[in-house]
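Residues per chain are reported as follows:
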Amino acid sequence: PFLNISGCMPLIFEEANCEPGKHDKYPIRLLFAGKIESEHGIEYLIETLSLVSRDENIVSQFEIDICGKGSKSNLISKFVEKEEKLWVNYHGFVSNANYQQLLSKADVCIALQNPNGRYGTYKTPSKVYEYLGNGKMVITTKAGDLGFLPSDVLSLCDFDDGQSLYKELAYIANNSYVVKQKSEAAGRYARQNFAYDKVGEKLLKFLGS
């Protein structure tokens with residue numbers, strides 16, 4: 001017999017007394033954090049941001065924070081240096097305190113691990129669960145077990161479709177209420193499934209049976 005616990009965490013947005021999905025106006029703040037590597041979709045992100053930059057209808061509706069280090073850090077640095085229309089700030093490797101500040105300001109968090117890559121079938125990006133636990137809207141790929149989470153909790157983009165993430169961003173740029181809607185759904189789901197007391201109840205019930 002076994003029990004699969006996909007998430008177990010403190011609910012940060014409750015502890016900080018923050019209302020999830022508080023940001024329902026422009027600009028929409030995006031956060032990409034973690035390893036700056038091909039496996040984690042940095043080229044896919046840059047390609048998407050280039051499309052957003054060329055779209056006059058939505059380019060001013062986003063602000064993007066990127067933090068982390070990796071072998072592809074130079075790609076994002078060069079992109080930021082040349083980019084003139086889209087507000088993008090690359091912070092490099094940051095302290096935990098600075099990361100928490102960026103996370104608290106974010107409206108939408110993005111995780112782009114390649115679902116068909118080296119870790120695709122057995123390593124779920126843990127930051128997705130961290131984002132959900134912080135009551136954030138999440139856009140991610142179908143890596144690990146993320147495809148099993150309800151569609152109202154997070155949005156999935158197709159890593160093999162170069163415009164999939166761009167289309168998702170264009171949609172929320174024109175329908176900002178979705179950000180608040182998904183953030184609140186993420187917070188509710190985390191509260192019901194990942195909170196310590198809820199996981200404890202599941203464990204006690206399982207062990208007792």
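See the structure printed just above.
A. Molecular detail of the nonpolar core. Core analysis: the biggest nonpolar cluster contains 36 residues, and Phe62, Ile66 and Leu165 have the highest contact counts within it. A per-element tally of this core places helix H2 (residues 42-54) first, with 7 residues. Ignoring any residue separated from it by four or fewer positions in sequence, one finds Phe62 in contact with Pro27, Ile28, Leu30, Val52, Leu86, Trp87, Leu169, Ile172 and Ala173. With 26 residues, the next largest nonpolar core counts Cys67, Leu102, Leu154 and Ala190 among its residues.

B. Up close: the state of the cysteines. Tallied over the entire structure, the rule returns 0 disulfides. Looking at Cys67, it has no disulfide partner, and the nearest cysteine sulfur is the one in Cys109, 9.8 Å off. Note on Cys67: relative accessible area 3%, which makes it buried.

C. Molecular detail of the pairing of strand S5 (residues 137-140). Here S5 shows two buried faces, one formed by Met137 and Ile139 and the other by Val138 and Thr140. Sheet topology note: the strand S4 (residues 108-111)/S5 ladder contains 4 bridges and is parallel. Residue pairing for S5: Ala111 is matched across the bridge by Thr140. Note: S5 against strand S6 (residues 155-156), 2 bridges, orientation parallel.

D. View of a nonpolar patch on the surface. Where nonpolar side chains cluster on the molecular surface, the patch consists of Leu3, Leu203 and Leu207 and spans about 280 Å² of accessible area. Looking at the element boundaries, Leu207 is found in helix H8 (residues 196-208). The class for Leu207 is exposed, based on a relative accessible area of 66%.

E. Seen up close, the sheet that holds strand S1 (residues 28-33). Taken together, the 6 strands give an open sheet; going across it, the order is S3-S2-S1-S4-S5-S6, and neighbouring strands pair in parallel fashion. Of all strands in the sheet, those bounded by a partner on one side alone are strand S3 (87-92) and S6. In this fold H2 packs onto S1 and strand S2 (62-67), with an angle of close to 160 degrees to the strand it touches most, S2. Lying on the sheet, helix H4 (residues 96-105) is in contact with S1, S2, S3 and S4; it crosses S1 at an angle near 140 degrees.

F. Spotlight on the environment of Phe79. Counting through the fold element by element, Phe79 comes out in helix H3 (residues 73-82). Along the primary structure Phe79 and Ile46 are separated by 33 residues, whereas in three dimensions their C-alpha atoms are 7.4 Å apart.

G. Quick look at the packing of H2 against helix H6 (residues 164-174). Packing of H2 against H6 leaves a shortest axis separation of 9 Å and a crossing angle of 45 degrees. As judged from the angle between their axes, H2 and H6 are oblique. You can see that H2 and H6 cross each other, and the crossing is right-handed. Residue-level contacts link Tyr44, Leu45, Thr48, Leu51 and Val52 of H2 to Ser164, Leu165, Tyr166 and Leu169 of H6.

H. How the structure looks around the packing of aromatic side chains. Counted according to the given criterion, the structure contains 3 aromatic pairs. Centroid distance Tyr129 to Phe194: 5.3 Å. Interplanar angle 70 degrees. Geometry classified as edge-to-face. Taken as a pair, Tyr129 in helix H5 (residues 126-133) and Phe194 in the loop between helix H7 (177-193) and H8 lie far apart in primary sequence, 65 residues in all. Taken as a pair, Tyr129 and Phe194 share a single burial class, namely buried. Here the aromatic rings of Tyr189 and Phe194 are separated by 5.6 Å at their centres, their planes lie at 80 degrees, and the arrangement is edge-to-face.

What counts, and at which threshold
- Numbers given to residues run from 1 along each chain, matching the order in which its sequence is written.
- Under the rules for a predicted model, residues below a pLDDT of 70 receive no local features and side-chain atom pairs below 80 are neither given nor counted, while totals for whole chains, interfaces and linings still include all residues.
- Derived side-chain values reflect all non-hydrogen atoms in the structure, with water molecules and hydrogen atoms excluded from consideration.
- Among buried residues, those of type Ala, Val, Leu, Ile, Met, Phe, Trp, Tyr and Cys that are joined through side-chain atoms within 4.5 Å constitute a nonpolar core.
- A simple rule labels every residue: compare its accessible area, found with a 1.4 Å probe on the protein chains alone, to the largest value its type can have, and call it buried under 20%, exposed over 50%, or partly exposed in between.
- In DSSP terms, a helix is any run of H or I states spanning at least four residues, a strand is any run of E spanning at least two, and both are numbered starting from the N terminus.
- Contacts are residue-level and defined by heavy atoms, with any inter-residue pair within 4.5 Å sufficient.
- Throughout, a disulfide means two cysteine sulfur atoms within 2.5 Å of one another.
- Strands are labelled as partners when DSSP assigns at least two bridges between them.
- Patch membership requires over 30% relative accessible area and the absence of a salt bridge. Like charges are linked within 9 Å, and nonpolar side chains (Val, Leu, Ile, Met, Phe, Trp, Tyr) within 5 Å.
- For the accessible areas, the method is Shrake-Rupley and the probe is 1.4 Å, while residue cover comes only from the protein chains on display.
- Any carboxyl oxygen of Asp or Glu within 4 Å of a side-chain nitrogen of Lys or Arg constitutes a salt bridge here.
- Under this scheme, a helix contributes an axis fitted over its contacting stretch, all axes are lines through C-alpha atoms, and angles between N-to-C directions fall in the 0 to 180 degree range.
- Throughout this description, any angle smaller than 35 degrees is read as roughly parallel, any larger than 145 degrees as roughly antiparallel, any in the 65 to 115 degree range as roughly perpendicular, and the remainder as oblique.
- In this scheme the crossing of two helices becomes right-handed for a clockwise turn of the near helix relative to the far one and left-handed for an anticlockwise turn of less than a right angle.
- Here the aromatic set is Phe, Tyr and Trp, taking the six-membered ring for Trp, and pairing holds for ring centres within 6.5 Å; pairs whose planes are under 30 degrees apart are stacked, those over 60 apart are edge-to-face, and all others are tilted.

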